[in-house]
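Chains, contacts and geometry: an overview
Each chain is listed here by its residues.
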Amino acid sequence: MTRNFTNSQSDTAARRRAVAMTRNEKVSRTVARMVAKEIADRQLAPGSALEAESEMARRFGVGRASVREGLRLLEAQGLVTVRQGLGGGPIVSEPTGSEFGDTLSMYLQAKGIRFREVAEAALEMEGLAAAMLADRVAAGEDIDLDVLAGKHIAPEMTNDEVIDTAVGFHETLREMSGNYVLTLTGSALAHIYTFRMLEAHPDVWDDEEREGFEGPHKAIHSAIAAGDSEGARRLAREHMREVIDRLSALNPRMLDERVDWR
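Our subject in this report is the structure included herewith.

Definitions and cut-offs
Residues numbered from 1 in each chain as written. Predicted model: local features only at pLDDT ≥ 70, side-chain atom pairs only at ≥ 80, totals over all residues. Heavy atoms only, no water. Phe/Tyr/Trp six-rings, centres within 6.5 Å; stacked < 30°, edge-to-face > 60°. Buried < 20%, exposed > 50% of the residue type's maximum accessible area, 1.4 Å probe, protein only. Lys NZ or Arg CZ within 6 Å of the ring centre and 35° of its normal. Axes fitted to C-alpha atoms, helices over the stretch in contact; angles between N-to-C directions. Helix = DSSP H or I, 4+ residues; strand = E, 2+ residues; numbered from the N terminus. Contact = heavy atoms within 4.5 Å. Nonpolar A, V, L, I, M, F, W, Y, C, P; charged D, E, K, R; others polar. Patch = residues over 30% accessible without salt bridge, like charges linked within 9 Å, V, L, I, M, F, W, Y side chains within 5 Å. Areas by Shrake-Rupley, 256 points an atom, 1.4 Å probe, with all protein chains shown as cover. Salt bridge = Lys/Arg side-chain N within 4 Å of Asp/Glu carboxyl O. Lys, Arg positive; Asp, Glu negative; His and termini not counted. Charge placed at Lys NZ, Arg CZ, Asp CG, Glu CD. Pairing = 2+ DSSP bridges.

Topic: the packing of aromatic side chains
For the coordinates displayed, the defined rule picks out one aromatic pair. For the pair Trp 205 and Phe 213, a centre-to-centre distance of 5.5 Å together with 50° between the ring planes defines the contact as tilted. On the basis of relative accessible area, Trp 205 is assigned to the buried category, the value being 4%. The exposure class assigned to Phe 213 is buried, which follows from its relative accessible area of 8%. For the cation-ring pair, Arg 196 lies above Phe 115, with the distance from its terminal atom to the ring centre recorded as 5.8 Å.

Written out as C-alpha cells, the structure reads:
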C-alpha cells in the first residue's frame, strides 16, 4: 500500500531550502540522504512504496536526473529497490549483512587488507556475540534458545545442509545477541570471508569435520544456556580459530590474499 509523503507548502519549502544549503555536496547525494532520513523518520517497513521520481523532484526542487541518481545510490546500499515497468517505482528494502559486506569489501580492497585480518575480526565478533547472548540469559531475559538447537548438525544431512546449518548457527547467534550493530557488522564480515574460505573445501565433509562443527556448537549453546558469558566467548573464539585453521590448511595462501570487491 502506498504511503504518501507530506505535501504541505511549508514542508516542501523546508526541503528545498535543505537541498539549497548543501551547495558543496552533489545534489543527488543530498536527495539520497533526505529520502533515507524520511524512511527512518516515518519508520517505513520494507515493501513500502515511495513517491514517484517526478513527485520527489517537485518536492525537493531538483531535476529528475538528480532524484534518479540519488535513488540509485540508495539502491546500491540496499535501502531502496527501484522496480521497472508499469506500476514500478521506488520501494523500501531491508539492508542485509551481505550488502553491507559488499560495500565493506570495496573499502578493504582499496586499503589492501588481507583475508587474515577479516578472519581475525570475525573471530572476535563471534566471541562477543556469544558473550552478549549469555549475558542476556544471565540477566533473566526470556530467550528461546531452542532456535539455536535447531541449528545443530545431524548425521543424515547432505553436504549443502551441513554448510547451511553451520553458517546458520552463527547467523542466529549474532541475531540473538540483542545488538543490531554487532549483528550487521558480524554478518558483513562473515559474508566476506565465509564462502571465500569454503571455496577451497572439497564437496564431501567427512565425519571428523562434521563433528568439528557439531561438538563446539553444542558446547557454545550449553555455555550460553548457563549464562556463562566468558565461557561462551572462549568457546566461540576457539571454534572459529579451529575452523579458520582447518579451511586455510586446504589453501595455505588464502589468508594472505587481498580482499577483493566482488
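As for the packing of helix 6 (residues 115-138) against helix 10 (residues 207-225)
In contact at an axis separation of 8 Å, helix 6 and helix 10 are set at 35° when each is read in the N-to-C sense. Between helix 6 and helix 10, the residues in contact are Ala 130, Leu 133, Ala 134 and Val 137 and Ile 220, Ile 224 and Ala 225, respectively. Among the residues making up the contact of helix 6 with helix 10, the classes are represented as seven nonpolar, no polar and no charged.

Looking at a negative patch on the surface
Where like charges cluster on the molecular surface, the negative patch consists of Glu 156, Asp 160, Glu 161, Asp 164, Glu 171, Glu 175 and Asp 203. Along the chain, Glu 156 turns up in the loop between helix 7 (146-149) and helix 8 (159-175). For Glu 156, a relative accessible area of 64% gives the class exposed.

Considering the pairing of strand 1 (residues 80-83)
The side-chain alternation of strand 1 yields one buried face, formed by Val 80 and Val 82, and one unburied face, formed by Thr 81 and Arg 83. In this structure, strand 1 lies alongside strand 2 (residues 89-92), joined through four bridges in antiparallel fashion. In the strand pairing of strand 2, Thr 81 is matched with Ile 91. Here strand 1 hands over to strand 2 after five residues, with Gly 85 in that stretch at a positive phi of 85°.

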